[in-house]
Amino acid sequence: MDIATRVYNHKWKIDPIVRSLIDTDFYKLLMCQSVFRNKPDTRVAFSLINRSKTVRLAELIDEGELREQLDHIRSLSLSRGESTWLRGNTFYGKRQMFRPDFMEWFENLRLPPYHLEKIDGQYELTFEGSWPEVMLWEIPALAVLMELRGRAVLNEMGRFELQVLYARAMTQMWEKVQRLRTIDGLKIADFGTRRRHSFLWQDWCVQAMMEGLGDKFTGTSNCLIAMKREVEAIGTNAHELPMVYAALAETDAELAQAPYQVLADWHEEHSGNLRIILPDTYGTEGFLKRAPDWLAGWTGIRIDSGDPASGAETAIRWWQDRGEDPTQKLVIFSDGLDVDQIEALSAQFAGRVRVSFGWGTLLTNDFRGLAPDDALAPFSLVCKAVSANGRPTVKLSDNPEKAMGPKAEIERYKRVFGVGEQERREVVV
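Predicted model, so just to flag it, every value in this text is computed and none were measured. (Residues numbered from 1 in each chain as written. Predicted model: local features only at pLDDT ≥ 70, side-chain atom pairs only at ≥ 80, totals over all residues. Heavy atoms only, no water.)

Enquirer: Even after reading the chapter, I still don't get unusual backbone geometry, so can you show me in this structure?
Expert: Peptide bonds are, in most cases, trans, and in most cases residues other than glycine have a negative phi. One non-glycine residue, aspartate 120, lies in positive phi territory at about 50 degrees. Take aspartate 120: it is sitting in the loop between strand E4 (114-119) and strand E5 (122-130). Judged by its relative accessible area of 62%, aspartate 120 is exposed. The phi torsion at asparagine 389 lies on the positive side, around 50 degrees, for a residue other than glycine. Here asparagine 389 shows up in the loop between strand E12 (381-388) and strand E13 (391-392). Given the relative accessible area of 45%, asparagine 389 is considered partly exposed. (Helix = DSSP H or I, 4+ residues; strand = E, 2+ residues; numbered from the N terminus. Buried < 20%, exposed > 50% of the residue type's maximum accessible area, 1.4 Å probe, protein only.)

Enquirer: What should I look at first to understand the packing of aromatic side chains in this one?
Expert: Given two aromatic rings, their pairing is described by the distance between the two centres and the angle made by the two planes. This structure, assessed with the given rule, holds 26 aromatic pairs. Ring geometry for phenylalanine 26 against phenylalanine 98: centres 6.0 Å apart, planes inclined by 90 degrees, an arrangement best described as edge-to-face. With phenylalanine 26 in helix H2 (residues 26-38) and phenylalanine 98 in the loop between strand E3 (94-95) and helix H6 (100-107), this residue pair connects regions lying 72 residues apart in the sequence. The two residues phenylalanine 26 and phenylalanine 98 agree in class, both being buried. In textbook terms, an aromatic cluster arises when at least three aromatic residues are bridged by ring pairs, as seen for Phe26, Phe36, Trp85, Phe91, Tyr92, Phe98, Phe102, Trp105 and Phe106. For lysine 39, the ring lying beneath its charged end belongs to tyrosine 245, and the centroid distance is 4.8 Å. (Phe/Tyr/Trp six-rings, centres within 6.5 Å; stacked < 30°, edge-to-face > 60°. Lys NZ or Arg CZ within 6 Å of the ring centre and 35° of its normal.)

Enquirer: Even after reading the chapter, I still don't get helix H15 (residues 308-321), so can you show me in this structure?
Expert: In a regular helix each residue adds 1.5 Å, so 14 residues correspond to 20 Å; H15 covers 20 Å between its end C-alpha atoms and thus fits that length. Buried residues in H15 make contact with strand E8 (276-277), helix H14 (284-290), strand E9 (300-303), strand E10 (330-333) and helix H16 (339-349). Where H15 ends, the next residue or the one after it, glycine 323, has phi of about 75 degrees, a positive value. (Expected span 1.5 Å × (residues − 1). Contact = heavy atoms within 4.5 Å.)

Next comes the structure, spelled out in structure tokens:
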């Protein structure tokens, strides 16, 4: 594929940024089915949050282009082939992962309206409505903003400049693959949909990893690419679930139990490698300290904030204290990874736990140093649930730089979950 020429010809409108409702992360569909079953009437609001304030999106991206892409997404529905793939494929060893009632709902879905305005050089983009519908806006909304920002930079380049840019990016990516293939026992998946450079680039990166890493590459979080390239769709659950469950809690006691209620509901639906704990929404140490015994029997833990090595050591101690064998457990690292960190973590935990990596933005959007003024460097953009049934959501994380929510509610959650001083870490992506 000649990506540079396709980019140069974007004015021909042959490449919509999001081309399918399954051009999203697999965990969103798994969570959506869980929400559809357990909390279908919850009303939520999602909002775009640009943590990188120096990237002034409303000054870079034309509002008309943004609306055109968002309106296109609202026109999408599942194709017959996509529906057949979801209904009949085997995911994580289970056939018919998605139930008929959920699939019937999904096949008739059109995403709900959005609200867009400009405020101080940024776009305020919000989505409100029923939780199962609104939650499916998150990934495509992020993909649109990230790619339109990239297109704004690329539009200033000529054809040969684009050819050289992509040749350098491909070379840089392949050099990473060559380093990764030397790691014994490596298991790594593409987690890069939400902040990718573009769909075409993510697809190219997946193909490069398939060829370069062989069975060390375990799959992609992107459902459309997984279907297209016939690789595993990878994903479990995310912070969204405990954030909304917590916001719905009526008392401090219910709030304290909300993260475990999420996993109790999940436990009813899934087994095996889908039973992965994401413990950091309100602090990993406190979560594990108060966790019910049945959670220790789950397959593993995903480390998504704070110092990754410290998080894994905490998990190992917790398993040992609960009488579990850490060498039989899975630790998935997924926070802002690049090759140096993957190499170091692989060496540190080899033989101590089963290790896997979800490689995100610095796989699918690493154009650092390749454009003038580093204008294509990745930045930190998220789209989060900000309220549920009119109540604000809160996220504390293991890194206070990622905390979100009203200040008074953040302090309340810290008290309820026993969160003390935390180490601040730069949020790169």
